[in-house]
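Inside the fold
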Amino acid sequence: QAFSLFVKAKEVPAAGRCAGGGGGPRWRCCRQAFEELAGIHRHVALQHGGDIGQQAGLAAEVSPSSGPAPAGSGDGLNGHSCSSPEISCTLPDTSHLSYEDLTSKVGDVLLYYCYCEVKDPEKLCAWQKALCQHLHLTGKVRVASEGINGTVGGSKVATSLYIEVMLSQPLFQGILGKEDFKSSAGGAYCFPDLRVGVFKEIVPMGIDPKIVSYKENGIHLSPQEFHREVEQYLSQASQGQSDTILLDCRNFYESKIGHFQGCLAPDIRKFSYFPSYVDENLELFKDKRVLMYCTGGIRCERGSAYLRSKAVCREVYQLKGGIHKYLEEFPDGFYRGKLFVFDDRYAICSNEDIISACRYCGALWDQYKLCSSQHCRQLVLTCPSCHNKGLTACCPVCQEKELKVTSRASGQTVKEECECTRRRPRVPIERVSQRTLDAGK
């Protein structure tokens, strides 16, 4: 029954098929079209066995003795709710929508998070996966006992419906609001697939949430309040009188292409290095007012809590909604350059400033590409001129290996750490004067 319901959910609505009922696909799944029942059955059996198992377990909890789902119920979860009062497992009715409505490439990418107590993360994960598949969304969603964190892409109709369903979820009511969804132009094509899973943390800081909880976070500042604070900080810093640190808690490759003026941007590769960075630089934060910011706000929730747990700062503040929300109100404010995003776009633009340079020639450039060397997953800034010359790797070591690899038999790769990661300290120790910080170097 679960298998049949899964297949039924992949049917193309009659309105989305060719006139006369022939010549068009009857099912779509994983961006593939199927005209014969045997084809979709084979695909589902090979690629979605785990999904069906999850939905079968979820359906059993929803209604253990129920019969087949009524027509138009999608994958059999519409109109039912989980036995747990915290999580409603309903899926929205999409029978009035065409296939084109749900799969249009003209859409949005949503970024959101919600910290709350989740008693059954597995159940929430299964519902979330079913919901995203139902709406043809792609992206990444992390579920944990401390909440949910997601970035998903799809058509404007699908993303709008997704927000509506999330806001009606009893688990999030009173905590998650419409303003908590950060939106940018994009769609399902911005992600290679859909990944939904259960994790220990909804943002990977590497510290047990029971030890450092989001409940101990810093003071939230609205974009307007943060803007005023940064303005005051820059004014005082120019006179050498500032007692404030404007802290970017993102990774180095994010801050490289865009950041707030006068910020301190740690040269770290992962957010899980942030706690060690704080530990190694405690003296830097002693008796300081700290203004923290990140992409959408979630890293500041845990990062500010960790910084506060050290009891060295005078005050810790964080930008509510992150850079995303700030740029909505201040596109020409104190943030310069592009905003890095974790999807195939790599960056979105709010102003014309380019603050980074080509890895090879030094020309102004801020559009990332993956290193061309097969063994490496680093990002590289290489301008069109250098790219046309074949300079497509993240560093000279990778560039040399790429030449060797391409001359070998297909499938053979060299796997080892590249120059970029080997030469960068895992956790940098800041050796800068206050004057340097004040000048925003």
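- An unreviewed UniProt entry lists the chain under the name Thiosulfate sulfurtransferase/rhodanese-like domain-containing protein 2, with Rynchops niger as the source organism.

Quick look at the sheet that holds strand β7 (residues 194-198)
- Taken in spatial order, the five strands of this open sheet run β6-β3-β5-β4-β7, and their pairing is mixed. At either end of the open sheet lies a strand with only one pairing partner, and these are β6 (182-186) and β7. The sheet shows a mean angle of 10 degrees between the axes of neighbouring strands, taken without regard to direction.
- When strand β4 (residues 138-144) meets β7, the two strands line up parallel, connected through five bridges.

Section: the pattern of salt bridges
- Applying the stated criterion across every chain, the model contains 16 salt bridges.
- Across the salt bridge formed by lysine 123 and aspartate 120, the nearest N and O atoms sit 4.0 Å from each other.
- The salt bridge partner of lysine 200 is aspartate 208, with a shortest N-O separation of 3.4 Å.
- Lysine 200 sits in the exposed class, given a relative accessible area of 57%.
- Classification of aspartate 208 by relative accessible area gives partly exposed; the value is 24%.
- In the salt-bridge network here, residues are joined through shared partners; they are Glu146, Glu201 and Arg302.

Comments concerning the side chain of threonine 382
- Position of threonine 382 relative to the elements: it lies in the loop between β17 (379-381) and α13 (384-388).
- Threonine 382 sits in the buried class, given a relative accessible area of 3%.
- Excluding residues within four positions of it along the chain, threonine 382 makes contact with Cys358, Tyr360, Trp365, His387 and Leu391.

A word on the pairing of strand β5 (residues 147-155)
- In terms of residue burial, β5 counts as a mostly covered element, since nine of its nine residues are buried.
- Summarising the sheet, strand β3 (residues 107-115) and β5 pair through nine bridges and their orientation is antiparallel. Note that in β5 the partner of leucine 110 across the bridge is valine 152.
- Sheet topology places β4 next to β5; seven bridges connect them, and they run antiparallel. Within β5, the residue paired with valine 143 across the bridge is isoleucine 148.
- Taking the residues that link successive antiparallel strands as the turn, the β4-β5 hairpin has two residues.

Conventions we followed
- Residues numbered from 1 in each chain as written.
- Predicted model: local features only at pLDDT ≥ 70, side-chain atom pairs only at ≥ 80, totals over all residues.
- Heavy atoms only, no water.
- Pairing = 2+ DSSP bridges.
- Helix = DSSP H or I, 4+ residues; strand = E, 2+ residues; numbered from the N terminus.
- Axes fitted to C-alpha atoms, helices over the stretch in contact; angles between N-to-C directions.
- Salt bridge = Lys/Arg side-chain N within 4 Å of Asp/Glu carboxyl O.
- Buried < 20%, exposed > 50% of the residue type's maximum accessible area, 1.4 Å probe, protein only.
- Contact = heavy atoms within 4.5 Å.

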